[in-house]
Amino acid sequence: MHISVNISPKDFYYVDIYKTFTELVEQYDISPEKLKLEITETAVMTNLGKNLYILDKLRDYGFQIEIDDFGSGYSSLNTLKDFKVDVLKLDMGFLRESDHNEKSRIIMKSVIDMAKNLGLTIVAEGVETEEQVGYLTNKGCDIFQGYYFSKPIPVSEFEEKYNVRGAARF
């Protein structure tokens, strides 16, 4: 099991991200591979050089870096070229029904193929149906998240459901 943590643009500005996350894994005796750090492209863009350096240091420490909501707005292929990341999380917008379903599927399949060729793990966000799971599995998607599996639940319910007590088990 792992936990994914979203990092906002403000986090880069107000918090020593490297120190915070390395101290947390040491304090709770968590393997850094179990704490995945999710960023959006906009989170890094404010001070690109400095923020990429921080992300590289976190990766070197053992954390996995995920690009969250890829395809949700201003996603750039330069992001995949310039950022050292491990996981690409496809935005749920690709799965929404629209007048452009065929275009959406072509783009999604192309992004999955490209990410696979770059050695990235692919996570599809917003999966709500068995049909979507089947389609995405067939296209090469690795991991799925969405209401099909579970709606958000309180921490206490999560701990009970997965027999987890406290952060040290992660």
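Residues numbered from 1 in each chain as written. Predicted model: local features only at pLDDT ≥ 70, side-chain atom pairs only at ≥ 80, totals over all residues. Heavy atoms only, no water.

1. Side note on the overall build of the protein chain
Applicable threshold: Labels follow the DSSP assignment, with helices taken as runs of H or I lasting at least four residues and strands as runs of E lasting at least two, numbered in each case from the N terminus. Using a 1.4 Å probe on the protein chains alone, a residue whose accessible area is under 20% of its type maximum counts as buried, one over 50% counts as exposed, and one in between counts as partly exposed. Here, two residues are considered to be in contact whenever any of their heavy atoms come within 4.5 Å of each other.
A count of helices and strands for the protein chain gives 8 helices and 6 strands. Seen in sequence order, the protein chain has helices and strands lined up from the N terminus as β-α-α-β-α-α-β-α-β-α-β-α-β-α. Scored against the burial criterion, the 170 residues of the protein chain give a buried share of 36%. Counted over contacts in the protein chain with a minimum sequence separation of 6, partners at least 24 positions apart contribute 57%.

2. A look at the nonpolar core
We apply this condition: Within this scheme, the nonpolar core is defined by two criteria: the residues are buried Ala, Val, Leu, Ile, Met, Phe, Trp, Tyr or Cys, and they are joined through side-chain atoms within 4.5 Å.
Counting residues in each nonpolar core, the largest one holds 39 residues, and the members touching the most others are Phe12, Leu58, Leu88 and Leu136. Apart from the residues lying within four places of it in its own chain, the contact partners of Phe12 are Ile7, Ile17, Ile39, Ala43, Val44, Lys50, Asn51, Ile54 and Leu55.

3. Here's the deal with the packing of aromatic side chains
Basically, it comes down to this: Two rings from Phe, Tyr or Trp (for Trp, the six-membered ring) form a pair when their centres are within 6.5 Å of each other. A pair whose planes differ by under 30 degrees is stacked, one over 60 is edge-to-face, and the rest are tilted. The rule for a charge over a ring is simple: NZ of Lys or CZ of Arg within 6 Å of the ring centre, and within 35 degrees of the ring normal.
Tallied over the full model, the rule gives 6 aromatic pairs. With centroids separated by 4.8 Å and ring planes inclined at 90°, the aromatic side chains of Tyr13 and Tyr14 adopt a geometry described as edge-to-face. Measuring from centroid to centroid gives 6.4 Å for Phe144 and Phe149, while their planes differ by 20°, and the two rings are stacked. You can call Phe149 partly exposed: its relative accessible area is 42%. Through successive ring pairs, a cluster of aromatic residues spans Tyr18, Phe21, Tyr61 and Phe63. When the ring centre of Tyr18 is taken as origin, the NZ or CZ atom of Lys57, which lies over that ring, is 4.2 Å away.

4. As for the sheet that holds strand 5 (residues 121-124)
Formally: Each pair of strands is called paired provided DSSP finds at least two bridges between the two strands.
Spatial strand order, 1-2-3-4-5-6: 6 strands in an open sheet with parallel pairing. Every interior strand has two partners, whereas the edge strands, strand 1 (3-7) and strand 6 (143-144), have only one. Looking at chain direction, strand 5 and strand 6 are connected through 2 bridges and run parallel. The residue bridging Val123 from the neighbouring strand is Ile143, located in strand 6.

5. Re the pattern of salt bridges
To keep things clear, this is the line we draw: Counted as salt bridges are all cases of a side-chain nitrogen of Lys or Arg within 4 Å of a carboxyl oxygen of Asp or Glu.
Under the criterion given, the structure shown has 6 salt bridges. Measuring nitrogen to oxygen at the nearest pair gives 3.9 Å for the salt bridge that ties Asp56 to Lys84. Remark: Lys84 occurs in the loop between helix 5 (77-82) and strand 4 (87-90) and Asp56 occurs in helix 4 (residues 48-61); sequence separation between them is 28 residues. With a relative accessible area of 24%, Asp56 lands in the partly exposed category. Because the salt bridges share partners, they merge into one network encompassing Glu38, Lys89 and Glu125.

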